[in-house]
Each structure stands twice: as C-alpha cells, then as structure tokens.
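Given next are the chains, with one letter for each unit.
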Amino acid sequence: MGFWNVLFGGSEQSPEEEKKAQEAKNFDLLKYDGVKAMKMGQTDYAVRCFREALKLTDDLETRDYLSQALLRQGQPDDAQAELRLLAEAEPGNAAIWKRIAQVAFMQEDYAAMAAACEQAMQIDAADAQACFLDAQAQRGQGNMVGAIAMLTKAITLDANYGDAYLMRAQMLLAMGDTAGADSDATWLTDNAAEHEDVLLLKARVETAKGNDEAAIGIYDRVTEVNPFSIEAFRERGQLKYNRGDKAGAEADMQTVLELDPNSLADVNGDYSAEGIEQRVRQAYSAINPLGL
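Predicted model only: the values in this text are computed from it and were never measured.

What counts, and at which threshold
- Residues numbered from 1 in each chain as written.
- Predicted model: local features only at pLDDT ≥ 70, side-chain atom pairs only at ≥ 80, totals over all residues.
- Heavy atoms only, no water.
- Helix = DSSP H or I, 4+ residues; strand = E, 2+ residues; numbered from the N terminus.
- Buried < 20%, exposed > 50% of the residue type's maximum accessible area, 1.4 Å probe, protein only.
- Phe/Tyr/Trp six-rings, centres within 6.5 Å; stacked < 30°, edge-to-face > 60°.
- Patch = residues over 30% accessible without salt bridge, like charges linked within 9 Å, V, L, I, M, F, W, Y side chains within 5 Å.
- Areas by Shrake-Rupley, 256 points an atom, 1.4 Å probe, with all protein chains shown as cover.
- Salt bridge = Lys/Arg side-chain N within 4 Å of Asp/Glu carboxyl O.
- Contact = heavy atoms within 4.5 Å.
- Polar contact = N/O pair within 3.5 Å; in protein donor to acceptor, adjacent residues only side chain to side chain.
- Axes fitted to C-alpha atoms, helices over the stretch in contact; angles between N-to-C directions.
- Parallel < 35°, antiparallel > 145°, perpendicular 65-115°, else oblique.
- Left-handed = near helix turned anticlockwise from the far one by under 90°.
- Nonpolar A, V, L, I, M, F, W, Y, C, P; charged D, E, K, R; others polar.
- Core = buried A, V, L, I, M, F, W, Y, C linked by side-chain atoms within 4.5 Å.

Trainee: With reference to specific residues and values, describe unusual backbone geometry.
Mentor: Generally, phi is negative for residues other than glycine and the peptide bonds are trans, each holding for most cases. The phi dihedral of Glu-108 is positive, around 60°, even though this residue is not glycine. Topologically, Glu-108 is positioned in the loop between helix 6 (94–106) and helix 7 (110–123).

Trainee: I'd love a proper account of the environment of Ala-111, names of residues and values included.
Mentor: The residue Ala-111 is located in helix 7 in this model. Owing to a relative accessible area of 48%, Ala-111 belongs among the partly exposed residues under this scheme. Separated by 29 residues in the primary sequence, Ala-111 and Gly-140 place their C-alpha atoms 8.6 Å from one another.

Trainee: How would you summarise the packing of aromatic side chains if you had to cite specific residues and measurements?
Mentor: All chains considered together, the criterion is met by four aromatic pairs. An angle of 65° between the planes, with centres 6.3 Å apart, marks the rings of Phe-105 and Tyr-110 as edge-to-face. Judged by its relative accessible area of 32%, Phe-105 is partly exposed. Seen in terms of ring centroids, Tyr-165 and Trp-187 are 3.9 Å apart; in terms of plane orientation they differ by 15°. Their pairing is stacked.

Trainee: Can you tell me about a nonpolar patch on the surface, naming the residues and giving the values?
Mentor: Together, Met-144, Val-145 and Met-175 give the surface a local cluster of nonpolar side chains, amounting to about 280 Å² of exposed area. Take Met-144: it is sitting in helix 9 (residues 144–157). For Met-144, a relative accessible area of 33% gives the class partly exposed.

Trainee: Can you explain the environment of Gln-68? Please cite residues and give values.
Mentor: Turning to its location among the elements, Gln-68 is positioned in helix 4 (residues 60–72). It is 9.5 Å that separates the C-alpha atoms of Gln-68 and Leu-83, two residues lying 15 residues apart in sequence. Aside from chain neighbours lying at most four places away, what touches Gln-68 is Met-38 and Arg-99.

Trainee: Could you give me a rundown of the side chain of Thr-223, with the residues and numbers involved?
Mentor: One can find Thr-223 in helix 13 (residues 212–225). Within the local environment of Thr-223, its side chain forms a polar contact with the backbone oxygen of Asp-220, the two atoms lying 2.7 Å apart. Each residue touching Thr-223, except ones within four places of it in the same chain, is listed here: Ala-232, Phe-233 and Arg-236.

Trainee: For the environment of Leu-257, give the residues involved together with the corresponding values.
Mentor: With respect to the secondary-structure elements, Leu-257 resides in helix 15 (residues 246–259). By relative accessible area, Leu-257 is classed as buried at 13%. Distance in space between the C-alpha atoms of Leu-257 and Arg-234 is 9.6 Å, their sequence separation being 23 residues.

Trainee: Quick one: what's the story with the packing of helix 4 against helix 6, residue by residue and with numbers?
Mentor: Direction vectors running N to C along helix 4 and helix 6 enclose 20°, while the axes themselves pass 13 Å from each other. Considered as vectors, helix 4 and helix 6 are oriented roughly parallel to each other. Crossing of helix 4 against helix 6: the hand is left-handed. Residue-level contacts link Asp-64, Ser-67, Gln-68 and Leu-71 of helix 4 to Arg-99, Val-103 and Met-106 of helix 6. Looking at the contact of helix 4 with helix 6, its residues break down into three nonpolar, two polar and two charged.

Trainee: Let's hear about the nonpolar core: which residues, and what values?
Mentor: By size, the foremost hydrophobic cluster in this structure holds 45 residues, and its most contacted members are Ile-100, Met-113, Leu-151, Ala-164 and Leu-201. Within the residue set of this core, elements represented by two or more residues are helix 5 (76–89), helix 6, helix 7, helix 8 (128–140), helix 9, helix 10 (162–174), helix 11 (178–191) and helix 12 (196–208). For Leu-151, the contacting residues outside a window of four places in its chain are Phe-132, Ala-135, Ala-164, Met-167, Arg-168 and Met-171. Judged by nonpolar contacts, the second largest core, of twelve residues, contains Val-35, Tyr-65, Ala-69 and Ala-79.

Trainee: Report on the packing of helix 8 against helix 10, specifying residues and quantitative values.
Mentor: One can describe the packing of helix 8 onto helix 10 by two numbers: an axis separation of 10 Å at closest approach and a directional angle of 25°. The pairing of helix 8 with helix 10 is recorded here as roughly parallel in orientation. Along this stretch, helix 8 crosses helix 10, giving a crossing that reads as left-handed. For the pair helix 8 and helix 10, the contacting residues are Phe-132, Ala-135, Gln-136 and Arg-139 in the first and Asp-163, Ala-164, Met-167 and Met-171 in the second.

In structure tokens:
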C-alpha cells in the first residue's frame, strides 16, 4: 500500500485516520441497519443499532430515529430524553418542540406539554398544530376556557382543521353550549360526514337538543360504519329505553355485553329474561346521556 501511494504521489493513512474511516463506515452500517430494522418492525434491534451508532457519532438524524424507535417500543420517557437533546441542539426547530409536546401528552405531563407548545408558538405564532396541541395541554390541566380559545385560534389559522372542530365541539357540548357544539358538528358533517367520531358527536348533539329520533338514526349510521362501536350501541340503547322501547334497549345492551363482557360487571344479576329489565334500567341509569 505504501509503495503505490508513494509511486502515485499519495501518502499512507495514519493509524488515527484509518480508525476514523473505519468508525465512519461502522456508523453508516449501524445507522442504516437500524432504519431498515425499524421499517421491518424489528424495533428492539433498531434501538440497539441506533444506540451503538450514537456511541461513534452524535448524529441528530440518528437521535431522531432513536426517539421514534423508542416510542414504538413503548418507552416515552426515553424518547422524551432523546427529543430534549435534539431541542438543545436545534432550539429554533418548532417541529421538535411539537414532538416533545406529543410525547408529553402520552405521558400525561400536561405542564411539560404546555411549555413545549409555548416554545413552538414562539418560533412560529401561526402554527395551527402547535395551538391545537396547546389546547390539549390546557384541557389536561383543567383550563377549559383556555383550551377552547386555543382551538378557536387553530381554526382561525387553518379553517379546515377538522380535529380542532371536533375537540371544540366535544368540549362545548360537555360545557352545555349545545348551539356552539351544533355549529361545529354541522361543519364536520359537511366535511367528514362518515367519520365515526363525527357521527357520534352529531348524535350526542341531537340528543342534547331533544331530537331523540334523529339521534337514533345517526347512531344507526355509526353502527354501519363500525359494527363494534360500544359507545354507539350503549348510547342508542339508552335513548330507546327512555322512549319506552325496552326490546330495542335490551338488544343494544346485549350487543354491548357481547363486545365488552365486563361493561356491566357492577350490575348484579344474570342477563336473563327475568332480570333483563332491571339490569337494563340499572345499566342505563349510570350512563351519561351525552356519552361524555
């Protein structure tokens, strides 16, 4: 090797240079093996690859991959630690702060979530997603008025932000503002009519307005969209029971029991013809009519 380098005017690599070249090669192998493993669902192996790669080179992209793999592995605390290191390296990157907020939401750490959202909004005040995430943080901390204000801001910034309309409608309904909830529900049904959550919301709004028949019809559509919607069967059954349709209520409660055998664990008695009316009455008396 030395002969050819001298012959062609080159020079031999020093041991240190050879070591660095080998480390760079090993880093690339580990990093892209990790990426490949993550795509194949081999999360444990991906995490090992990324950790070993980071011992060789502190690469931000690899740390980002590691945070994703850790989340898939069900380790939000470790993922959060990696994201914090990314934020230290790139404090002006709003996307990192939003991911920190999303992981904090998974951890139910709403104060940390709000702080991360604040960082993101300082970087980009017109970021509708940051506003939405902050609304989730405010709701988690019990600040319903603040949450609705942030949802309204998110919708102002992005008039087609369906998740913001849905969350705001759900909160308004829970707070007794049926008209406000109905307005958002109307927008949602105009733009995402067959989405299960939208249909459930609309049914609950109609229930709050006293339009039981319309609500039952919408619950029918929910069960067509998702035949396994426990909420739809339970809430439709309650409406039927309130209207005197005990047979319909019993049929819906039977479906709830089939889908979730533990749903009436706190109601005494066998699910039999003799005890059905009492059990249905007990079950439905404990259910919030709005499903909230």
